[in-house]
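Residue-level listing of the chains:
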Amino acid sequence: MGKNICIIDYEIGNLLSVKRSVEMVGANATVTNDKEKILNSDKIILPGVGAFKNGMELLKKHNLVEVISEAAERKKYILGICLGMQLFFNESSEFGQTKGLGLIDGKVEKLPIKDEEKILKIPNIGWNELIIKKKNKLFINIKDKNSTYFVHSYMVIPKDKSVTTSIYKYGKQEVVASVNLGNIFGCQFHPEKSGELGLKILREFIKL
């Protein structure tokens with residue numbers, strides 16, 4: 001595909017597995033926190049695992065908050081994975097209230113620990129079936145009841161429900177699995193760990 005994809009390095013996330021997956025679908029992948037390389041790339045991926053507060057602190061440490069905001073303003077396609085998606089939102093309650101990037105209106109809250117009388121396991125680790133709520137460009141070839149791999153304790157709650165493109169069921173709770181607002185895309189699941197389905201989603205992102 002000849003595309004140059006920048007994977008943002010802020011000392012957090014599955015950088016090498018994301019890089020390998022991007023290369024598997026035919027693009028050039030660069031892991032970097034260099035402003036010029038990020039802004040001159042064709043597309044950007046913000047991966048991430050761990051706590052929201054730590055993620056924001058590391059983005060600030062590497063002067064990446066302004067870089068990501070500028071890339072978004074330039075209408076570059078950006079894909080957030082797991083914590084990377086959560087950081088797009090206004091704030092999180094994880095380890096106290098922390099302000100996020102504010103690219104999508106909404107908040108990040110802890111997964112419910114109880115569903116009626118049933119105790120739910122946190123973090124949610126494993127495969128969950130996607131329920132497509134809204135077709136978007138990443139899901140062109142994706143059907144309902146395809147499973148993707150999740151590892152998370154917190155979930156996004158968009159202010160505008162129309163940005164939600166897929167959900168999964170956590171007990172009886174509907175949890176947002178992916179979002180899209182203009183040039184901003186996010187997956188709570190890990191496409192780089194979701195087999196052929198995850199590669200299809202990355203391939204569609206690179207083709208945008």
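In every chain, residue numbers begin from 1 and rise along the written sequence. The model is predicted, so local features are restricted to residues of pLDDT at least 70 and side-chain atom pairs to those at 80 or more, both for listing and for counting; the totals for chains, interfaces and linings are taken over all residues. The basis for the side-chain values is all heavy atoms of the structure; hydrogens and waters are excluded.

### Some remarks on helix α3 (residues 52–61)
Which entries qualify depends on this criterion: Remark: exposure states derive from per-residue accessible area (1.4 Å probe, protein chains only) relative to the maximum for the residue type, with buried under 20%, exposed over 50%, and partly exposed in between. Only DSSP runs of H or I reaching four residues or more are called helices, and only runs of E reaching two or more are called strands; each is numbered from the N terminus. The reported arc concerns the directions from the helix axis to the C-beta atoms and nothing else.
If you check which residues of α3 are buried, you get Phe52, Gly55, Met56, Leu58 and Leu59. Buried residues of α3, viewed axially, fall in a sector of 165°; they line one side. Every exposed residue of α3 that faces more than 90 degrees away from the buried side is listed here: Lys60 and Lys61. Once α3 finishes, asparagine 63 follows within two positions and takes phi at roughly 55°, a positive value.

### Here we look at the packing of aromatic side chains
The criterion, for reference: Paired rings are identified among Phe, Tyr and Trp, the last through its six-membered ring, by centres lying within 6.5 Å, and are further divided according to the angle between planes into stacked (under 30 degrees), edge-to-face (over 60) and tilted (the rest).
All chains considered together, the criterion is met by five aromatic pairs. Seen from their ring centres, phenylalanine 150 and tyrosine 168 are 4.3 Å apart, and the 45° between their planes marks the pair as tilted. Of this pair, phenylalanine 150 sits in strand β12 (residues 147–152) while tyrosine 168 sits in strand β14 (residues 164–170); the two residues are 18 residues apart in sequence, bridging distant segments of the chain. Residue phenylalanine 150 is classed as buried on the basis of its relative accessible area of 0%. Taken together through their ring pairs, the aromatic side chains of Tyr77, Phe185 and Phe205 make up a single cluster.

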